[in-house]
Amino acid sequence: DTGVSQDPRHKITKRGQNVTFRCDPISEHNRLYWYRQTLGQGPEFLTYFQNEAQLEKSRLLSDRFSAERPKGSFSTLEIQRTEQGDSAMYLCASSRWGTGVPYEQYFGPGTRLTVT
Amino acid sequence: AQKITQTQPGMFVQEKEAVTLDCTYDTSDPSYGLFWYKQPSSGEMIFLIYQGSYDQQNATEGRYSLNFQKARKSANLVISASQLGDSAMYFCAMREGVNRDDKIIFGKGTRLHILP
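**So, the overall build of chain A**
For step 1, the next point in the chain: The number of helices and strands found in chain A is 0 helices and 11 strands.
For step 2, the next point in the chain: Secondary structure elements of chain A occur, N-terminal to C-terminal, as β-β-β-β-β-β-β-β-β-β-β.
For step 3, the next point in the chain: Its C-alpha atoms give chain A a radius of gyration of 14 Å, near enough to 13 Å, the size a compact globule of 116 residues would have.
For step 4, the next point in the chain: Projecting the C-alpha coordinates of chain A onto the three principal axes gives extents of approximately 45 × 25 × 25 Å.
For step 5, the next point in the chain: The buried share among the 116 residues of chain A stands at 49%.
For step 6, the next point in the chain: Considering only residue pairs separated by 6 or more positions, chain A has 54% of its internal contacts joining residues 24 or more positions apart.
For step 7, the next point in the chain: Distance between charge centres in chain A, computed from 15 positive and 13 negative side chains, equals 5 Å.

As structure tokens, this is what we get:
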């Protein structure tokens, strides 16, 4: 039984470059979430998908951010024209949503982004 | 106003002692869920325990229990017989609307240090 995986684990990029992160959820989970965590803070919600549909986006998700889950399995989060303020840990989580099932979200190990 | 408040930035506890991590929350939704997650230095968020707003009894999971006081909007985590491996960041979190697997709102966390 594999958990949520994220790739890469670490990414260092120069300001202005584009970056893309990947998340592979637990296979039977139909919901997938992206969070951002900055130093000393709890994770903040960015967006989530049910299957391939993106159901909600946070105001934190500026136009430079885009997320996809094209086949309802893995998801990608792209940041265009990165800024130093984008430096953070990007966490992916998944859950199985439905009546009568546990409500916990299972998190991946995160991708730590450093923008220089 | 903050939805989740954790007033203890850091705590030091002697090994084998019980520890209580405080959490208060704010919501007007009658249906909500409360979570505690552990984040070790590796960065992964580990689900510990869940309490639904309509649950009559306090949730327990092994050495973890949630002291749920609904009228006070309090959801403290109690760890019995603490161990060195319990040293980590602990986040209290809430989801509003228990039948909607929606985004989770996290507090700022408490860093717990277990002393040998």
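Resuming the write-up.
**Quick word on the layout of surface pockets**
For step 1, the next point in the chain: Put simply, the largest pocket is a space of about 480 Å³.
For step 2, the next point in the chain: Lining the largest pocket we find 18 residues, and of these Pro43(A), Glu44(A), Phe45(A), Ile105(B) and Phe106(B) sit closest to its centre.
For step 3, the next point in the chain: Every element with two or more residues in the lining of the largest pocket is listed here: strand S5 (44-50) of chain A together with strand S11 (105-106) of chain B.
For step 4, the next point in the chain: Of the voids in this model, the second largest pocket is the one considered here, and its volume is about 330 Å³.
For step 5, the next point in the chain: The wall of the second largest pocket is formed by 17 residues, among which Gln37(A), Leu39(A), Arg112(A), Gln39(B) and Arg111(B) lie closest to the centre.
For step 6, the next point in the chain: Within the residue set of the lining of the second largest pocket, elements represented by two or more residues are strand S9 (88-95) of chain A together with strand S10 (88-96) of chain B.
For step 7, the next point in the chain: Looking at the lining of the second largest pocket, its residues break down into 6 nonpolar, 9 polar and 2 charged.

**Here we look at the pairing of strand S8 (residues 64-69) of chain B**
All names here are of chain B.
For step 1, the next point in the chain: Side chains of S8 alternate between two faces, with Tyr64, Leu66 and Phe68 buried and Ser65, Asn67 and Gln69 left unburied.
For step 2, the next point in the chain: The antiparallel pairing of strand S7 (residues 60-61) with S8 creates a hairpin that spans 2 residues between the two strands, and glycine 62 there sits at a positive phi of about 60 degrees.
For step 3, the next point in the chain: Sheet analysis places S8 next to strand S9 (residues 74-79), joined by 6 bridges and oriented antiparallel. Paired with phenylalanine 68 across the bridge in S9 is alanine 75.

**A look at the interface of chain B and chain A**
For step 1, the next point in the chain: Chain B puts 21 residues into the contact, and the matching count from chain A is 21 residues.
For step 2, the next point in the chain: Buried area between chain B and chain A, summed over both chains or domains, comes out near 1,800 Å², and the portion from carbon and sulfur atoms is 51%.
For step 3, the next point in the chain: Linking chain B with chain A are 0 salt bridges.
For step 4, the next point in the chain: Here chain B is connected to chain A by 3 residue pairs in polar contact (both at pLDDT 80 or more).
For step 5, the next point in the chain: The set of elements that each furnish at least two residues to the side of chain B that touches chain A consists of strand S5 (32-39), strand S6 (46-52) and S10 of chain B.
For step 6, the next point in the chain: Top element by residues in the side of chain B that touches chain A is S5(B). It accounts for 3 residues.

Thresholds applied
- Residues numbered from 1 in each chain as written.
- Chains lettered and ligands numbered in written order.
- Predicted model: local features only at pLDDT ≥ 70, side-chain atom pairs only at ≥ 80, totals over all residues.
- Heavy atoms only, no water.
- Helix = DSSP H or I, 4+ residues; strand = E, 2+ residues; numbered from the N terminus.
- Rg over C-alpha atoms; globule rule 2.2 N^0.38 Å.
- Buried < 20%, exposed > 50% of the residue type's maximum accessible area, 1.4 Å probe, protein only.
- Contact = heavy atoms within 4.5 Å.
- Lys, Arg positive; Asp, Glu negative; His and termini not counted.
- Charge placed at Lys NZ, Arg CZ, Asp CG, Glu CD.
- 1 Å grid on protein atoms, 1.4 Å probe; cavity = no way out; pocket = protein on both sides within 12 Å on 5 of 7 lines; lining within 4 Å.
- Points joined across faces, edges and corners; volume = space filled by probe spheres on them.
- Nonpolar A, V, L, I, M, F, W, Y, C, P; charged D, E, K, R; others polar.
- Pairing = 2+ DSSP bridges.
- Buried area = accessible area lost by both parts, 1.4 Å probe.
- Salt bridge = Lys/Arg side-chain N within 4 Å of Asp/Glu carboxyl O.
- Polar contact = N/O pair within 3.5 Å; in protein donor to acceptor, adjacent residues only side chain to side chain.

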